[in-house]
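# Fold and contact review
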Amino acid sequence: MTSGDGLILRVRPPLSRLSSAQARGLADLARGCGAGALHLTNRANLQIRGVRPADLPALHAGLARLGLLDPTPEAEARRNLILCPFHDAAEETVAARLGEALRAADGLALPAKFGFAVGASVAADIRILSLGEGLVLAPQGAVLGLPVTADRAVPAAMAMARWFIASGGVGPDGRGRMAAHLAGGAVLPPELAGTVPMPPLPPPPGPSQRLAGFVFGEVPADLLGGLADVGPLRLTPWRMIALPGPLPAALARHPALIARPDDPRLRVAACAGAPACPQAGGPTRPLARALAAGVPRGAMLHVSGCAKGCAHPGPAAVTLVAVPGGFALIRDGAARDAPERLLSDPETFPLFKDFHAPEL
């Protein structure tokens, strides 16, 4: 995809996992063909920004050598699958089978954002997780899940995806999500209907000795190379990386790394903003950095370049959207919601004056 700072290339590692060699190779590619950093997404993918069109063939060749290039763009798009970093052996086996089934499912035209997840801590349109002594297949938006065996889990998930398409889940614009489809009155066929109550998703974890966070989800190439020395890495949907061993003290001091769960920078989301994104109404990250220390515990500040809200699609205690003349202020809403007022200088405005942290 073309952006204001060059091309953006998505890397979707199989099973949300990078070997040490793959992580080092990606760091080298980001330095040689991109802007020198990798960006974590909420689908457990990576992006390389700032790619020059002339360097794209070399970048594709490098990804192929690392085993990170799908045979076709269509196969890569279908393989929208997250494996929870805290999975068990049964979930890993099912995720591997599901990834191969999606890669091979020519003609399965799902919406771009329609995704699959294997594991208890990750939301997705279609989810498979261990529950009790077995596996359960759960469509997003349903309160009941379908018990499945390890052999039945993948065929049932693929059948549910095909039902979603056949029953009108994809709109004329090519978009559609499972939760909205079910909320609109769609009824699963009897063979896919659930019988087991589904537990709520657990809250996202915070950084720790084995879960590294990053400022705005951006990983400089040198930091990714250092993390590769710890061992194989697992990408997460929380814009963090799960490590196989303790985080070395030298890496914990890197200015781009967040190692403490109480770091206020975790309470701020910001997209690339202008000039990196041509749709942004102004810069975002300088303001987000300046305001981070003042965001109270329990609150979230979202600084967005436009109403799309790519960095944080959901609501936040305070959302600031770059517009001509300053930033539109939205309280307890998302970037697409109606603003309360225009702020010419958000740094001097009491953004959280009336905020009360929710009771735990």
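Cut-offs used in this document
Residues numbered from 1 in each chain as written. Predicted model: local features only at pLDDT ≥ 70, side-chain atom pairs only at ≥ 80, totals over all residues. Heavy atoms only, no water. Helix = DSSP H or I, 4+ residues; strand = E, 2+ residues; numbered from the N terminus. Buried < 20%, exposed > 50% of the residue type's maximum accessible area, 1.4 Å probe, protein only. Contact = heavy atoms within 4.5 Å. Areas by Shrake-Rupley, 256 points an atom, 1.4 Å probe, with all protein chains shown as cover. Lys, Arg positive; Asp, Glu negative; His and termini not counted. Charge placed at Lys NZ, Arg CZ, Asp CG, Glu CD. Polar contact = N/O pair within 3.5 Å; in protein donor to acceptor, adjacent residues only side chain to side chain. Core = buried A, V, L, I, M, F, W, Y, C linked by side-chain atoms within 4.5 Å. Domains from an automatic or database assignment. Buried area = accessible area lost by both parts, 1.4 Å probe. Salt bridge = Lys/Arg side-chain N within 4 Å of Asp/Glu carboxyl O. Nonpolar A, V, L, I, M, F, W, Y, C, P; charged D, E, K, R; others polar. Pairing = 2+ DSSP bridges. Axes fitted to C-alpha atoms, helices over the stretch in contact; angles between N-to-C directions.

Named according to an unreviewed UniProt entry, the protein is Precorrin-3B synthase originating from Paracoccus yeei.

For the protein, the helix and strand inventory stands at nine helices and 21 strands. Its C-alpha atoms give the protein principal-axis dimensions of about 60 × 45 × 40 Å. Of all 360 residues assigned to the protein, the portion counted as buried reaches 50%. Long-range contacts, defined here as pairs at least 24 residues apart, represent 61% of the contacts in the protein between residues at least 6 apart. For the protein, the exposed area adds up to about 16500 Å²; of that, 58% sits on carbon and sulfur atoms. Computed over 34 positive and 28 negative side-chain charges, the inter-centroid distance for the protein is 2 Å.

Attention shifts here to the environment of Arg78. When you line up the elements, Arg78 lands in helix α3 (residues 73–78). Along the sequence, Arg78 and Arg103 sit 25 residues apart, while their C-alpha atoms lie 6.4 Å from each other. The residues contacting Arg78, other than those within four sequence positions of it, are Leu102, Arg103, Ala104, Ala105, Asp106, Gly107 and Leu108. Separated by 3.2 Å, the side chains of Arg78 and Asp106 make a polar contact.

One finds Leu26, Phe214, Leu224, Leu227 and Ile241 to be the most contacted residues of the largest nonpolar core, which totals 41 residues. In terms of residues, this core owes the most to one element, helix α1 (residues 20–33), which gives six residues. Residue contributions to this core reach at least three from each of two domains, namely domain 1 (2–70 + 207–258) and domain 2 (87–197). For Phe214, the contacting residues outside a window of four places in its chain are Leu40, Val219, Leu223, Leu227, Arg239, Met240, Ile241, Ala256, Leu257 and Ile258. Within the second largest apolar cluster, 33 residues are counted, among which are Leu83, Leu98, Met158 and Ala186.

A word on the domain arrangement of the protein. For the protein, the domain assignment lists domain 1 (2–70 + 207–258), domain 2 (87–197) and domain 3 (264–353). Relative to domain 3, the C-alpha centre of domain 1 lies at a distance of 25 Å. Taking both partners together, domain 1 and domain 3 bury about 1100 Å²; carbon and sulfur atoms supply 57% of that area. Where domain 1 meets domain 3, there are one salt bridge. We note a salt bridge from Arg285 to Glu218, for which the minimum N-O separation is 3.0 Å. Seen at the junction of domain 1 and domain 3, the total is seven residue pairs in polar contact (both at pLDDT 80 or more). Partitioned by chemical class, the residues of the side of domain 1 that touches domain 3 number six nonpolar, four polar and four charged.

Glancing now at the sheet that holds strand β17 (residues 268–270). Strand order in this open sheet of five strands is β17-β18-β19-β20-β21, and the pairing throughout is mixed. A single partner strand is all that each edge strand has here, and the edge strands are β17 and β21 (341–343). On average, each strand axis in the sheet is tilted by 25 degrees relative to the strand beside it, whichever way the strands run. Relative to strand β18 (residues 301–304), β17 is paired through three bridges, and the arrangement is parallel. Within β18, the residue paired with Val268 across the bridge is Leu301.

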